[in-house]
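# Topology and contacts: notes
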Amino acid sequence: MTNSQSLRARIHELAELIRNHDHRYYVLDDPELTDAEYDKLFRELRDLEGAHPEWVEPDSPTHRVGGAVLDKFTKLKHRVPMLSLANALSEEEFIDFDQRVHKFLDRQPNLELEYFAELKFDGLSINLTYEEGLLTHAATRGDGETGEEVTQNVRTIKTVPLRLTTKSPPRIIEIRGEILLPKKDFVALNQEQEKKGEKLFANPRNAAAGSIRQLDPKIAAERPLVLFAYGVGMTDYSMPETLAAYEDLLATWGFLVSPERKICRGVEDVLTFYQRIKKIRAQLEFEIDGTVIKLNRLAEVDQAGYISRNPRGMIAFKFPASQETSVIEDIVIQVGRTGTLTPVAHLRPVRVGGVMVSRATLHNQDEIDRKDVRIGDTVVVQRAGDVIPEVVSVVTEKRTGNERRFVIPDHCPICHSKAERKEGEVALRCVARNCVAKLRERIRHFVMKDAMNIDGLGEKIVEQLIDEGLVKTFADLFDVTKEQLLELEGFAEKSADSLVQAIAASINPELERLIFALGIRHVGERTAKLLSQHFQTLNDLAKARAEELELIQEIGPEVSKAIIEFFTDSEHQLETKKLLDHVNPQKPKAKISGGKLSGLTIVITGTLPTLSRSEATKLIEENGAKTSSSVSKKTNYVLAGAEAGSKLDKAVELGVAVINEQQLLEMIENS
Ligand code: IVH
């Protein structure tokens, strides 16, 4: 062999070795070489190719690092159009789909159909063309007929085989798949972007799309994008008969395919798959927005037919979206019960995660500035679990120039007194004694279900009582008479009677509810309960000093400071004294030790079939267990009901046992 022949053979050999290693590393997750060994091979190949450009192979792994910068993308027509899928957004909609498919296939309704179920990747769809086994073109979906050629960028993705790993490749084949950026890489990318003062991406999908639609392939090369393959467009290859077998074939050719996939027989099987995926969603390394359910046999897909570019035998069975876009119609300042001025975005109503959302908190000025949120902006709105909706980011491409910046005023919008910022706090607060907005919020909090639980005292009535000057402090509520109520708009004999009765019925609250009702900063239901158990009377709590408060487990300096501030305020002292003339708080029952659930910590999530939240909490606590609002490793059980959200995901992630209401009741009865 001449020297040049052996060099050329070495180039070929190195390319083979590196390709094989890439596949083992990125697709099979089973590397053989150390990073240093890999780098050595890679450098050797790059140097040899540099010296002999005439011998560079078209599928050389060095091509992944990104070539020349383009002026613009060229259009590329797909050989077979890229179709889309109809959606099912609930179990009922999936059942309807299954029944329709029975009709299209002319099957008896009781016969179970065979489906192939897999993940619905939330990324950018892509069409890859392989000729004689070599990747020759990659195009975005575009309008389904024609996309943009992004071959340079797609080549940089390590899980895209540059050559199919088979001895007898199709002469031509279009492979369809989805490009994603893993969640952790998305977080890291945004941190980088922030450091560089560049635009943040709203979600991993936008980040993936933004990386592929870059004219400079070096940018895509730097981003750890991943491809999952799920389908085939045009080909002359004789393909298998089922989609499950299709994907097995794609995997043998070197592609990553859905890690979760299952052949399901009938609706029940599909629903079980869907529920399981919903539970493990949070643990997956990349975003999915549901599952895709397809008739497994291609002959049946064809027989079911197509309607406006959707195959009737396939459906995207999606999770309720947790992010949507909407428009900020206004930004309004809300005055909280402790006087905090919070900017709230009023949105064009939009359904997020199955719930209508028309307001979202913007937290404070720092947040507004950081996200550069303006009135009139189109924004991404997110609702995660039970959390208050929030604005994630601005869709700046939608700006028209008519958007208006917003600055939180330095005075209370209701009582107009000057707002203050305490040292170490971000928020501005209205500190006026007689601010009506604060009073309104305090009273609303006082009467709410988990506090004094006064039925029939809605927002509007609270406002009327304050406007008429009937209520200036908590105690005043108990002096309101039927005659006074009858003077107010909207009251009649019966409604006035029942409100007076409801107020009278609330005069013997449990101490913990009364403490919670006072609306002390940082004192939520749980802290109120701890305080009531420790102090046994409101007067003792009012006299408590920091050292004593901090002896209570879970109470730290911030909370104890807030409690002391509250009770050393002379107005609050007067208010509490007056209140105790009207109400008679019930001492907490002795702590139950050795209850049937003694020592356990349980987190409740979702809607239970028969018990309300507070009933379940009471039951759990009466049996000696603690309830907590967040799932951690220390949680013993998560009690989950319908529409359980992120807490359930978290439980699955941490391996915490999940029980339903029935199981809880059994534990109490049987143990
Ligand atoms: S199959 C007929 N399988 O969802 C179209 N699509 O509207 C066949 N997608 O454009 C698509 N994961 O980009 C299929 N496992 C999966 C998918 C998937 C994500 C995307 C795809 C398509 C859209 C459906």
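Before reading further, recall that the structure is shown in the block above.
Residues numbered from 1 in each chain as written. Predicted model: local features only at pLDDT ≥ 70, side-chain atom pairs only at ≥ 80, totals over all residues. Heavy atoms only, no water.

All right, on to the site of the ligand then. By nearness alone, 14 residues border the ligand, and L119, F121, S125, E178 and Y230 come closest of all. Within the contact set of the ligand, a nitrogen atom lies 3.2 Å away from a side-chain nitrogen or oxygen of E118. Within the side chain of K294, a nitrogen or oxygen atom sits 3.1 Å from a nitrogen atom of the ligand. If the ligand stood free it would expose 510 Å²; the protein chains cover 87% of that surface. Residue assignment for the shell around the ligand shows that the elements contributing at least two residues are β3 (114–121) and β10 (288–295). Considering each element in turn, the shell around the ligand owes the most residues, four residues, to β3. Looking at the shell around the ligand residue by residue, the classes come out as seven nonpolar, two polar and five charged. (Near = heavy atom within 4 Å. Polar contact = N/O pair within 3.5 Å; in protein donor to acceptor, adjacent residues only side chain to side chain. Areas by Shrake-Rupley, 256 points an atom, 1.4 Å probe, with all protein chains shown as cover. Helix = DSSP H or I, 4+ residues; strand = E, 2+ residues; numbered from the N terminus. Nonpolar A, V, L, I, M, F, W, Y, C, P; charged D, E, K, R; others polar.)

Turning our attention to the sheet that holds strand β8 (residues 226–235). Overall, antiparallel pairing links the four strands, which are arranged β5-β4-β7-β8 in an open sheet. Every interior strand has two partners, whereas the edge strands, β5 (134–140) and β8, have only one. Between one strand and the next, the sheet's axes are offset by a mean angle of 30°, whatever the strand orientation. In terms of strand pairing, strand β7 (residues 172–180) meets β8 through seven bridges, oriented antiparallel. Bridge pairing in β8 links I175 to V232. Strands in contact with helix α8 (residues 243–252) are β7 and β8; relative to β8, the strand with the most contacts, it is inclined by about 115°. (Pairing = 2+ DSSP bridges. Axes fitted to C-alpha atoms, helices over the stretch in contact; angles between N-to-C directions. Contact = heavy atoms within 4.5 Å.)

The next point concerns the packing of aromatic side chains. All told, the structure shown has 14 aromatic pairs when counted by the stated rule. Between the aromatic rings of Y38 and F42, the centroid separation amounts to 6.0 Å while the plane-to-plane angle is 35°, which identifies the pairing as tilted. You can see Y38 and its partner F42 sitting in helix α2 (residues 35–51), four residues apart, about one turn around the helix. Residue Y38 shares its accessibility class with F42, and that shared class is buried. Between the aromatic rings of F228 and F286, the centroid separation amounts to 4.8 Å while the plane-to-plane angle is 50°, which identifies the pairing as tilted. Of this pair, F228 sits in strand β8 while F286 sits in the loop between α9 (266–280) and β10, and the two are 58 residues apart along the sequence. In this structure, F228 and F286 share a single accessibility class: buried. If you follow R312 out to its NZ or CZ, it ends over the ring of F104, 3.9 Å from the centre. (Phe/Tyr/Trp six-rings, centres within 6.5 Å; stacked < 30°, edge-to-face > 60°. Buried < 20%, exposed > 50% of the residue type's maximum accessible area, 1.4 Å probe, protein only. Lys NZ or Arg CZ within 6 Å of the ring centre and 35° of its normal.)

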